[in-house]
Amino acid sequence: MLRLVSLKLGRLYRYVKLAVLGSLAAALVLNTHSLLASLQRNELSERRFLQLNKCPACWGTSWCRKFLNGQLRLESWGRLRLLDFFNVKNVYFARYGEPREGSRRVVLKRLGSAQELADIDTKICRRATGRGRCDLLQALPATEFASLNGDVRLLTPGAVEGWSDLVHCPSQRLLDRLVRRYAETKDSGSFLLRNLKDSERMQLLITLAFNPEPLVLQSFPSDEGWPFAKYLGACGRMVAVNYVGEELWSYFNAPWEKRVDLAWQLMEIAEQLTNNDFEFALYLLDVSFDNFAVGPRDGKVIIVDAENVLVADKRLIRQNKPENWDVWYESKFDDCDKEACLSFSKEILCARVTVDHNYYAICQNLLSRHATWRGTSGGLLHHPPAEIAKEGRLEALLDECANPKKRYGRFQAARELREYLAQLSNNVR
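Residues numbered from 1 in each chain as written. Predicted model: local features only at pLDDT ≥ 70, side-chain atom pairs only at ≥ 80, totals over all residues. Heavy atoms only, no water.

Let me state the cut-off plainly: UniProt positions are given in the numbering used here, feature names are shortened, and annotations may be inferred rather than shown by experiment.
Labelled according to an unreviewed UniProt entry, the protein appears under the name Divergent protein kinase domain 2A, originating from Junco hyemalis. Turning to the protein, the UniProt annotation filed under Sequence similarities (unreviewed entry) states: "Belongs to the DIPK family." What UniProt records for the protein under Subcellular location (unreviewed entry) is the sentence "Secreted".

### Considerations on the overall build of the protein
Our working definition: Numbered from the N terminus, helices here are DSSP runs of H or I no shorter than four residues, and strands are runs of E no shorter than two. Accessible area is worked out with a 1.4 Å probe on protein chains only. A residue is then buried under 20% of its type maximum, exposed over 50%, and partly exposed in between.
Counting its secondary structure elements, the protein contains 18 helices and 12 strands. The buried share among the 429 residues of the protein stands at 49%.

### Brief notes about the packing of helix H15 (residues 357–367) against helix H17 (residues 393–402)
This is how the line gets drawn: Axes here mean lines fitted to C-alpha atoms, for a helix over just the part in contact, with angles spanning 0 to 180 degrees between N-to-C directions. Orientation is classified from the angle alone, with under 35 degrees giving roughly parallel, over 145 giving roughly antiparallel, 65 to 115 giving roughly perpendicular, and any other angle giving oblique. Here a crossing is called left-handed whenever its near helix is offset anticlockwise from the far helix by less than a right angle, and right-handed whenever the offset is clockwise. We call two residues in contact whenever any of their non-hydrogen atoms come within 4.5 Å of each other. Any residue outside Ala, Val, Leu, Ile, Met, Phe, Trp, Tyr, Cys, Pro, Asp, Glu, Lys and Arg is labelled polar, Gly included; the first ten of those are nonpolar and the last four are charged.
At their nearest, the axes of H15 and H17 sit 8 Å apart, and the two run at 120 degrees to each other. Relative to H17, H15 is oriented oblique. Where H15 crosses over H17, the two elements pack in a sense that is left-handed. Listed contacts from H17 to Tyr-359, Tyr-360, Cys-363, Gln-364 and Leu-367 of H15 are Leu-398, Cys-401 and Ala-402. Among the residues forming the contact of H15 with H17, the class breakdown is seven nonpolar, one polar and no charged.

### Overview of the pairing of strand E4 (residues 231–235)
As a reminder, the rule being used: Pairing between two strands requires that DSSP report at least two bridges joining them.
Most of E4 sits inside the fold, with five of its five residues counted as buried. One ladder, built from four bridges, connects E4 with strand E5 (residues 238–242); its direction is antiparallel. Of the residues in E5, the one forming a bridge with Ala-234 is Val-239. Connecting the antiparallel pair E4 and E5 is a turn made up of two residues, with Gly-236 showing a positive phi of about 65 degrees.

### What about the packing of aromatic side chains?
Quick reminder of the rule: Geometry of aromatic contacts follows a simple scheme: Phe, Tyr and Trp rings, the Trp one being its six-membered ring, pair when their centres are within 6.5 Å, and the pair is stacked under 30 degrees between planes, edge-to-face over 60, tilted otherwise.
With the rule as written, the count across this model stands at 14 aromatic pairs. Where Phe-220 meets Phe-280, the ring centres are 5.9 Å apart and the plane angle is 85 degrees; that geometry is what we call edge-to-face. Here Phe-280 lies in strand E7 (residues 280–284) and Phe-220 lies in the loop between helix H11 (213–219) and E4, a separation of 60 residues in the sequence. For Phe-220, a relative accessible area of 0% translates into the label buried. Each ring, one from Phe-289 and one from Trp-373, has its centre 6.2 Å from the other, and the planes form 35 degrees; the classification is tilted. Pair noted here: Phe-289 is in the loop between E7 and strand E8 (292–294) and Trp-373 is in strand E11 (residues 372–373), with a separation of 84 residues, a long-range link.

### A closer look at the nonpolar core
Put simply, the test is: Definition used in this section: a nonpolar core is a set of buried Ala, Val, Leu, Ile, Met, Phe, Trp, Tyr and Cys residues joined via side-chain atoms within 4.5 Å.
Judged by nonpolar contacts, the single largest core of 90 residues is most densely connected at Phe-228, Met-267, Phe-292 and Leu-367. Residues Cys-64, Phe-67, Leu-74 and Tyr-96 belong to the second largest nonpolar core, which totals 20 residues.

### Some words on the sheet that holds E8
Across the sheet, which stays open at both edges, the three strands sit in the order E6-E8-E9 with antiparallel pairing between neighbours. In this open sheet, the two strands that pair with only one neighbour each are strand E6 (246–247) and strand E9 (301–303). Sheet topology note: the E8/E9 ladder contains three bridges and is antiparallel. Considered in E9, the bridge of Ala-293 is made with Ile-302.

### Side note on the state of the cysteines
What counts here: Two cysteine sulfurs form a disulfide in these notes if their separation is within 2.5 Å.
Throughout the structure, instances matching the rule amount to five disulfides. Two residues share a disulfide in this structure: Cys-64 and Cys-235, whose sulfurs sit 2.2 Å from each other. One disulfide, between Cys-64 and Cys-235, carries an S-S torsion of 100 degrees and so falls in the right-handed class. With a gap of 171 residues between them, Cys-64 in helix H4 (residues 64–68) and Cys-235 in strand E4 connect regions that are remote in the sequence. Owing to a relative accessible area of 0%, Cys-235 belongs among the buried residues under this scheme. Covalently, Cys-169 is tied to Cys-350 through a disulfide, its sulfur atoms 2.1 Å apart. Across the S-S bond linking Cys-169 and Cys-350, the dihedral sits near -80 degrees, which makes this disulfide left-handed.

### Quick word on the layout of surface pockets
Rules: A cavity here means a set of 1 Å grid points, computed over protein atoms only, where a 1.4 Å probe fits but cannot escape. A pocket is an open set with protein on both sides within 12 Å along at least 5 of 7 lines, and lining residues have an atom within 4 Å of a point. Grid points are joined across faces, edges and corners, and a volume is the space filled by probe spheres set on the points.
Estimates place the volume of the second largest pocket at around 320 Å³. For the second largest pocket, the lining is made up of 14 residues, of which Asn-242, Tyr-243, Val-244, Gly-295 and Asp-298 are closest to its centre.

### Quick word on the pattern of salt bridges
Rules: We count a salt bridge whenever a side-chain nitrogen from Lys or Arg sits within 4 Å of a carboxyl oxygen from Asp or Glu.
A complete count under the given rule lists 19 salt bridges for this structure. Note that Arg-127 is salt-bridged to Glu-144, the shortest N-O span being 2.7 Å. You can see Arg-127 sitting in helix H5 (residues 114–129) and its partner Glu-144 sitting in helix H7 (residues 144–147), a full 17 residues away along the chain. Taking the shortest distance from any N to any O, the salt bridge between Arg-415 and Glu-419 comes out at 3.7 Å. Note that Arg-415 and Glu-419 are positioned in helix H18 (residues 409–428) at a spacing of four residues, about one turn of the helix.

Dropping the structure here:
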């Protein structure tokens, strides 16, 4: 019965998609002249499209020369502004490089919807003038984003704590890392805030407050083995990251062998972000099938949406010893009827050394029978082969990892699940 319902929902989704595509086709015919003109333009070389005039209330300028020189071009459909209505997240695909020399695909992000970006301007104006509209460049010096300019030596926890998930409970060690690895300055490598220009400090702080994803990618880079997309640069309110591949949801009905490998990688990511030599725990607060992508060549799973990542410094927790700091924390299962539900306490994530949040998030929202996505259900490991289903071990481990029945059961189940998936993956290769 459940399978029948999921199939009907899948068909309904396809019918709706066809209706939308039909409407788009009609609109394209009615607006042919203006559409042809937009296809011939390269808006990525236009300062207004990049919102470069908003700087330093922007994400950076390190890639402006590449943008303005025409080295980036939106892919064909991305040039049609008519489609912006459906592009709620303001994510674009583009080609970077010269056609004769070869180009590669990159992903461009505004880091927010049109309304969210407008809200940034409103918040800055209200903080500076008390009004909803103002001249941003004149207003910025009156905000907290400019208060750390001048001869301030360090970015300290007291100045930015709680601004975003990234710095919900920052340590000095984390903030030094953010400043030292800040890619939107020519003087990167120093943890001293005063070594940045005034405009660079404001860009850093605004990014930290409104969407810290670029700072996560810079501070925990893929070049060092972290499972995030590679940060490339920014211009105005547009950032560029490398294109990884198709999103994880497109592998929902891939062959069993492929899904087992992807599931194993997801559990490995959960382990790496929870326990690593740097003693930073990176907790994923938003886990869904469209937040991960898979490389087409190496099949590697990468996190492509890192806006909601909370970083807890385990060294600081051990040093300060808050109440129950050494008691293992078990996340509570959230049996909701929506997609990508998670139950967590940021305060507890910041105050415990041993936490099972990442295992819980991956198991509940991606792997187990509790995972739902776009009319599908059963999780990435749905419909295992008959012999595996008969054995029952996989289902038992997934259930215990998502919704443990015994104390600390998720910790043990996550470890055994990683080992079992590795065994299955080796067996099918």
